[in-house]
Amino acid sequence: MEVEYLIDIDPSGILVRYNVALEKAMTPEAAAEELYPKDKLIYPIAKAIFEGEEDDVVDGLKAAMKAGKDPITLIDSALMVGMGVVTKLYDEGVIFLPNVMMSADAMLNGIEFCKENSKTSPVSKGKVVCHVAEGDVHDIGKNIVAALLRANGYDVVDLGRDVPVDEVITSVEKESPLMLTGTALMTTTMYAFKEINDKLLEKGYRIPFACGGGAVNQDFVSQYELGVYGEEAADAPKMADFIKAHGDNIVKLRETFHKH
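Let me sum up the structure you'll find in this document. (Residues numbered from 1 in each chain as written. Predicted model: local features only at pLDDT ≥ 70, side-chain atom pairs only at ≥ 80, totals over all residues. Heavy atoms only, no water.)

## Here's the deal with the pairing of strand β5 (residues 179–183)
We count it as follows: Note on exposure labels: buried denotes an accessible area under 20% of the residue type's maximum, exposed denotes more than 50%, and partly exposed covers the range between, all computed with a 1.4 Å probe on protein chains only. Strands are runs of DSSP state E lasting at least two residues, helices are runs of H or I lasting at least four, and both sets are numbered from the N terminus onward. Strands were regarded as paired on the criterion that DSSP finds at least two bridges between them.
For β5, the buried fraction is high: five of the five residues fall into the buried class. Burial of the side chains of β5 extends over both faces: Met179, Thr181 and Thr183 are buried on one face and Leu180 and Gly182 on the other. Here five bridges tie strand β3 (residues 127–132) to β5, and the two strands are oriented parallel to one another. Bridge pairing links His131 to Gly182 in β5. Taken together, the four bridges between β5 and strand β6 (residues 209–212) define a ladder with parallel strand orientation. The residue bridging Thr181 from the neighbouring strand is Ala210, located in β6.

## Quick word on the nonpolar core
Heads up, the condition is: Grouping buried Ala, Val, Leu, Ile, Met, Phe, Trp, Tyr and Cys residues that are joined through side-chain atoms within 4.5 Å yields what is termed a nonpolar core. Contact criterion: two residues are considered in contact whenever any of their non-hydrogen atoms come within 4.5 Å of each other.
Membership of the largest hydrophobic core comes to 60 residues, with the highest contact counts inside it found for Leu61, Leu79, Met83, Leu149 and Met179. The leading source of residues in this core is helix α5 (residues 71–91), at 10 residues. If near-sequence neighbours (up to four positions away) are discounted, Met83 is found in contact with Ile49, Val100, Ser103, Ala104, Met107, Leu148 and Ala151. Counting residues in hydrophobic clusters, the runner-up holds 25 residues, among them Leu180, Met190, Ala192 and Tyr224.

## Quick look at the packing of aromatic side chains
Using the following cut-off: Note on aromatic contacts: the rings of Phe and Tyr and the six-membered ring of Trp form a pair at centre separations within 6.5 Å, being stacked when their planes are under 30 degrees apart, edge-to-face when over 60 apart, and tilted otherwise.
Per the stated rule, a full pass over the model turns up seven aromatic pairs. An aromatic cluster is defined as three or more aromatic residues linked by ring pairs; in this entry it consists of Tyr191, Phe193, Phe209, Phe220 and Tyr224.

Dropping the structure here:
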């Protein structure tokens, strides 16, 4: 979808940017409509994901299964496709994080329904350990990261909030994840990330450690060897996908995701 930008000046002299294509010509619903699959069985499922309507997602899945679609196949061919529409429009600034969370919840509900109606289990894309730094009880960011990872097909080991450093290390040893994430809202707690980094290196682990949150910035994360800065929660599944496709090279991850 081509986007045109214009710069104008309002009476107060403040520069204003207009996204002409999206703000004047197209609503979020219309933008999504252009991206939905045309298959008459898949279309209502993808649309229900975008709208965050859990009951409609299940109704669509029931109709597709009744028509002969395999439940597990529907996870990739319908649920993931619908979530792909949501992710694309979020990346373009057409919709916002609350919309993404509603869609992720609807998708996760759909995945559980598919699992319950299948004799086989979906293949996980990999495992990610998530946590909030020791001493920090603010877990909204971590919850969003975990939800987006699950919605994109990853198994999440959610350690919760205020997680001791040694508990994080033990989880990495036990779970062998492809990535570790940490969030911190308080500047007094983010230094636990450096301690985790050092202990992982001492034990021979070179796992990418994606860090973010209100207290964290790119300069801080770049100071420790395994750190990769995620400016937004939506970066987490993108990082995991990058690792799946290109390996766990920290330098390449930083080149791709560090923005400043």
